[in-house]
Amino acid sequence: MPISAGWSKAPILTAQELRDSYQRGLNVGFRAGTPSTVGGKPICVLDIDVRGGPKYQKEALAAAEAVYGAPIEYDVVSGSQVGRHKILAFPIGRAPEKAATTLVQSLEYVSPEGVVCAARLKGAKPAWVVELLSTGKNVVLPPSIHPDTGLPYSPLRDLLKFDDAPAALLNYIDSKNAAPDWGVPEALGQELEPVLPITEDMLPEPIREWCVDIAYRMQCPLEFTAVGAIAMFGSIIGAGCAIRPKQKDNWSEVPNLWGAIVAGPGRLKTPALNQVFGPLRGLEHIAEREHQQNMLAFHEREALLKMEVDLAKSKVKNASPSMSDADRSKLTSEAARLVGRREEEPTPRRYIMNDSTPEKLGECIDNNPRGLLVMRDELMGLLESFEKQGHEGEKEFYLEAWGGMSSHRVDRIGRGSLHIDPLCASVFGGIQPQKVEAYVWKMQAEGNNGFIQRYQLLAYPDDKASSKYVDETPNCAARDQVMRLAERLAYCDATSLGAQKDGVSEIPFFRFDPKGAQPLFVKWLIANDLRVAAEEMPLMSEHLSKYRKLVPALTLIFYLISVAANPPPPPTKPTKSTRQRRPACIGKEHIALALRWAVVLETHARRVYRMGTDYRVAAAKCLAKKIEAGQLGDGFSARDVYRNGWTNLSDADLVKEACDELEAAQWLRRIDQSAGGQGRPRDPCYEINPAVLLNAPLAPTKPPKRRRS
């Protein structure tokens, strides 16, 4: 019949009426099921509809063959070019009464724009679906034109030669019709929260080309290089100077920021960060050369001192018996003074450490009062080390080092005492999404220790893998400029850049410009305190409270990078005007840039916290993977799950909550096993939605019971 307006509801026409109504250029089709019979057999269509594009076609065709029971020789290619039709003759009385019966469908959904999304989003549909089109359903035939693609439906075989519906398909349809309607299994877990990207104009101009060049050559997100660079400069400045965000108060913050890159394996976060932290290794090479020179001078002074001590001792020993007591006492005192004049051995300046005990880290910080950066290729190793028996105090050490301005005293039997003032350290590393999700989940269940909230430079960019091949020479000019900046900030005294001192703290400090930057900061601070109080997610509330350090610290970093790139001229002879010169103030442009960073970083933090907040969903996702892998079959109970001791599924109550979550998502159906009023009620068992198991490996109907020892 010709396809025109209302064709699906039009009355069935006779053959002559069809010939009379046909017009050239119209699409054509037929009404499936009992209206179209050949040899008394109703004609139905197995329809493979792929909405998610070609990447889902293979999965859809495999699912269709699973319900068909054999390889399928299709009759028609849809105008979408990825769909297929199989025209089948059904036995008399066996054609389904429903116009369209969904046999199996994808567990993934796509939005109208073709983006993978959650089922709950408006307009979302399964990425693919296998349906049987029967009585009351109109089916398009070749050479009709697809309305979306403009391409024709194409025949693959003679459309007048129908295959009979195979027994496997008929049995599958019968079992599906006989069983209660399962419904469509929903996609599990929350979609990732959207994040704002870090853009080129958010980087200070002196380091912009360098960060962009590394990200382009590595084909990685700009967040990898931008966040790492800011953390690096914050560690170089460290406790060398501070910012006082208020005009009169002595509240101070130093810019030793902690950060982390969240990305899956193979996303080049480690190679990118190795290049970003190259200037720190350059500073260590410079410090090592200086240390070698200092050691040579130290040994020379030691040799001269030894000669002086030997000479003084010789004078005392060979003193004349007739020497007066006063002269003898004078020689003895001089020898004792020389013996007691011991010089401490020089220690190298350190900028970066990878793996150390808190005791060794404390010693290095004590020798480097500005602090240093702890770089961990896999940050999860550091987080897990805090959970080991006997390492309970390590976490507290790091928490104190985050503040960057407090003193810390370590007293150990046999090791003496160590007084570190100030205790300042930055921490940076990479971590995989699954691991940070598990860590946040565990922290929620066992108690929030406030550790992860200190990772304020936390970036989890969208995973956009690039297939572009880039082989270009590094931007050496930009790299050298960043190295000069790092060296200048590492060796300069902040007072030479305009910092002031007040006699209360040894750390020099800057303040905001009272007319431009200060009102902007005050407005933000009041608004942020209100948001902290109103925030419903406890983790995020505490994270936002730490922005009282983040925003001032970022402002100071941006300001000092700018000043170091354009240092003030060297001082001339002091005059009255120079003696009375006002200290430098941080301008409005630097606090404005820091506030932009705070907005972007907040979106990344919300993405991370949202991943691990609902541990019921996380447990359900773990259980779903076991079901899909064929490790559980129909009739399993919660006990069959938690007795295996699987990761995140070893707690009985949590497993039951995971089963409830899967039941609500129509993956499972509860089977009550009442004891008939006698004895203790038995735990319920669960049936698995056949749509879930269709492509899963075969699993035992009931997991084998373990013998008790």
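Residues numbered from 1 in each chain as written. Predicted model: local features only at pLDDT ≥ 70, side-chain atom pairs only at ≥ 80, totals over all residues. Heavy atoms only, no water.

## Quick look at the nonpolar core
Grouped together as the largest cluster of nonpolar side chains are 121 residues, with contacts concentrated most on I207, W210, F233, Y398, Y455, L457 and W597. The leading source of residues in this core is helix α16 (residues 547–565), at 13 residues. With residues up to four places along the chain from it excluded, the contact list for I207 reads A229, I230, F233, V482, L485 and I561. Among the nonpolar cores identified, the runner-up in size contains 28 residues, and V50, L61, Y68 and W128 belong to it. (Core = buried A, V, L, I, M, F, W, Y, C linked by side-chain atoms within 4.5 Å. Buried < 20%, exposed > 50% of the residue type's maximum accessible area, 1.4 Å probe, protein only. Helix = DSSP H or I, 4+ residues; strand = E, 2+ residues; numbered from the N terminus. Contact = heavy atoms within 4.5 Å.)

## Section: unusual backbone geometry
As a rule of thumb, non-glycine residues mostly have phi less than zero, and peptide bonds are mostly trans rather than cis. At the junction of P142 and P143, the peptide bond is cis and its omega measures out at 0° in the coordinates. Within the secondary structure, P143 is located in the loop between β12 (138–141) and β13 (154–155). Unlike most non-glycine residues, Q81 shows phi in positive territory, near 75°. Here Q81 lies in the loop between β5 (76–77) and β6 (84–89). Using a relative accessible area of 38% as the deciding quantity, one classes Q81 as partly exposed. Unlike most non-glycine residues, Q666 shows phi in positive territory, near 65°. Along the chain, the position of Q666 falls in the loop between α21 (652–664) and β26 (668–671). Taking the relative accessible area as the measure of exposure, Q666 reaches 27% and is therefore partly exposed.

## What about the sheet that holds strand β27 (residues 685–688)?
One open sheet accounts for 3 strands, arranged β25-β27-β26; its pairing is antiparallel. On the outer flanks of this sheet lie β25 (636–637) and β26, each paired with one strand and no other. Relative to β27, β25 runs antiparallel, the two sharing 2 bridges. Looking across to β27, one finds that S637 is bridged to C685. Where α21 meets the sheet, it contacts β25, β26 and β27, and its direction lies at approximately 115° from that of β26. (Pairing = 2+ DSSP bridges. Axes fitted to C-alpha atoms, helices over the stretch in contact; angles between N-to-C directions.)

## Thoughts on the confidence of the model for the chain
Residues with a pLDDT of 70 or more make up 87% of the chain, whose mean pLDDT is 83. In the predicted structure, residues 697–709 sits below a pLDDT of 50 and forms 27 contacts with residues beyond four places in sequence or in another chain. (pLDDT = per-residue confidence, 0-100.)

## Remarks on the environment of K269
Tracing the chain through its elements places K269 in helix α6 (residues 269–276). Taking the C-alpha atoms as reference points, K269 and M218, separated by 51 residues in sequence, lie 9.2 Å from one another. In this view, K269 contacts F224, I261, A263, G264, G430, I431 and Q432; residues no more than four positions away in its chain are not counted.

## Overview of the packing of aromatic side chains
Per the stated rule, a full pass over the model turns up 11 aromatic pairs. Here the aromatic rings of F397 and Y398 are separated by 6.0 Å at their centres, their planes lie at 85°, and the arrangement is edge-to-face. Given the relative accessible area of 2%, Y398 is considered buried. Aromatic pair F558 and W597: ring centres 6.0 Å apart, planes at 50°, arrangement tilted. Taken together, the residues span a long stretch of sequence, with F558 in helix α16 and W597 in helix α18 (residues 588–613) at a distance of 39 residues. Of the residues examined, W597 reaches a relative accessible area of 0% and is grouped as buried. Three or more aromatic residues joined by ring pairs form one cluster here, namely W251, F512, F521 and W524. The positively charged end of R454 is found above the aromatic ring belonging to W402, 4.9 Å away from the centroid. Positioned above the aromatic ring of Y460 is the side chain of R607, whose terminal nitrogen or guanidinium carbon lies 5.2 Å from the ring centre. (Phe/Tyr/Trp six-rings, centres within 6.5 Å; stacked < 30°, edge-to-face > 60°. Lys NZ or Arg CZ within 6 Å of the ring centre and 35° of its normal.)

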